[in-house]
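So the chains spell out like this:
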Amino acid sequence: VTFIAEFEPITSDWLRRGLLMLLPVILLFNIFEFAAALYAGDVDDLAGTNLILANPIFWLGIVLGVIVPFVLLIWAGRNRTIEIVAAVLILLGVFVAKTVTLVAGQAISFLMGTAVYKPSFVEFAGVIGIVGLAVLLFILGNRYLPQKKV
């Protein structure tokens, strides 16, 4: 059983177009998330948001994880190497954004005293649902997206 498949050019074009549509949406979600936190005025939210926005690594993640891949995908056309570089940059950008958010959240509890956290059932169910969705999308993509026979 091989997990490496070479997709038809039309599939690669669909994925490229999907990324070109979703990258601006991701950027807008980030903007709305921080605008809502800044507008709410909650002291804890403001402290965490300020820590994130003051961190240059967060801005590097936004630039290298959203803006640069978007520009690369527009200019690259159907260049497979550029598409792979853009995809890797997107994954690294997501990793950086989540890491910065985690570090800021830990810093707030560290600066304000000891905090106790216990995940709820909804959080566990959400993780299980996201993993299940990823597996489902992989199976559907593997079954229905056109592939070249290797």
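Scoring rules and cut-offs
Residues numbered from 1 in each chain as written. Predicted model: local features only at pLDDT ≥ 70, side-chain atom pairs only at ≥ 80, totals over all residues. Heavy atoms only, no water. Helix = DSSP H or I, 4+ residues; strand = E, 2+ residues; numbered from the N terminus. Buried < 20%, exposed > 50% of the residue type's maximum accessible area, 1.4 Å probe, protein only. Contact = heavy atoms within 4.5 Å. Areas by Shrake-Rupley, 256 points an atom, 1.4 Å probe, with all protein chains shown as cover. Patch = residues over 30% accessible without salt bridge, like charges linked within 9 Å, V, L, I, M, F, W, Y side chains within 5 Å. Salt bridge = Lys/Arg side-chain N within 4 Å of Asp/Glu carboxyl O. Lys, Arg positive; Asp, Glu negative; His and termini not counted. Phe/Tyr/Trp six-rings, centres within 6.5 Å; stacked < 30°, edge-to-face > 60°. pLDDT = per-residue confidence, 0-100.

### Describing the overall build of the protein chain
Counting its regular elements, the protein chain contains five helices and two strands. Within the protein chain, buried positions represent 20% of all 150 residues. Long-range pairs, those at least 24 residues apart, make up 69% of the contacts in the protein chain with a sequence separation of at least 6. Per element, the accessible surface of the protein chain, about 11200 Å² overall, is 75% carbon and sulfur.

### A closer look at the environment of Val 96
For Val 96, the location among the structural elements is in helix α4 (residues 80-112). Separated by 39 residues in the primary sequence, Val 96 and Ile 57 have C-alpha atoms spaced 7.4 Å apart. In this structure, Val 96 is in contact with Ile 57 and Gly 61, ignoring residues within four places of it in sequence.

### Quick notes on a nonpolar patch on the surface
Taken together, the side chains of Met 21, Leu 22, Val 25, Ile 26, Leu 28, Phe 29, Ile 31 and Phe 32 present a nonpolar region at the surface, about 800 Å² in accessible area. Relative to the assigned elements, Met 21 resides in helix α1 (residues 9-40).

### Focus: the side chain of Glu 83
Looking at the element boundaries, Glu 83 is found in helix α4. Buried and without a salt bridge, Glu 83 has Arg 80 as its closest oppositely charged side chain, separated by 4.3 Å. The contacts of Glu 83, once residues within four sequence positions are left out, are Ser 12, Arg 16, Leu 73, Gly 77 and Arg 78.

### Focus: the packing of aromatic side chains
One pass over the full model with this rule turns up two aromatic pairs. Seen in terms of ring centroids, Phe 58 and Trp 59 are 5.2 Å apart; in terms of plane orientation they differ by 75°. Their pairing is edge-to-face. Residue Phe 58 is classed as buried on the basis of its relative accessible area, which comes to 4%. We classify Trp 59 as partly exposed; its relative accessible area is 43%. Through a chain of ring-to-ring contacts, the aromatic side chains of Phe 34, Phe 58 and Trp 59 assemble into a single cluster.

### Considerations on the confidence of the model for the protein chain
On average, residues of the protein chain carry a pLDDT of 81, and 81% of them reach 70 or more. Predicted confidence in the protein chain is weakest over strand β1 (residues 6-7), with a mean pLDDT of 56, and strongest over helix α3 (residues 56-76), with 91.

### Quick word on the environment of Gly 61
Its place among the elements puts Gly 61 in helix α3. In the structure, Gly 61 is positioned 28 residues away from Leu 89 in sequence and 8.9 Å away in space, judged by C-alpha atoms.

### Remarks on the side chain of Arg 16
Following the sequence through the fold, Arg 16 ends up in helix α1. Residue class for Arg 16 comes out buried when judged on its relative accessible area of 14%. Other than its neighbours up to four places away in sequence, Arg 16 contacts Leu 73, Ile 74, Gly 77 and Glu 83.

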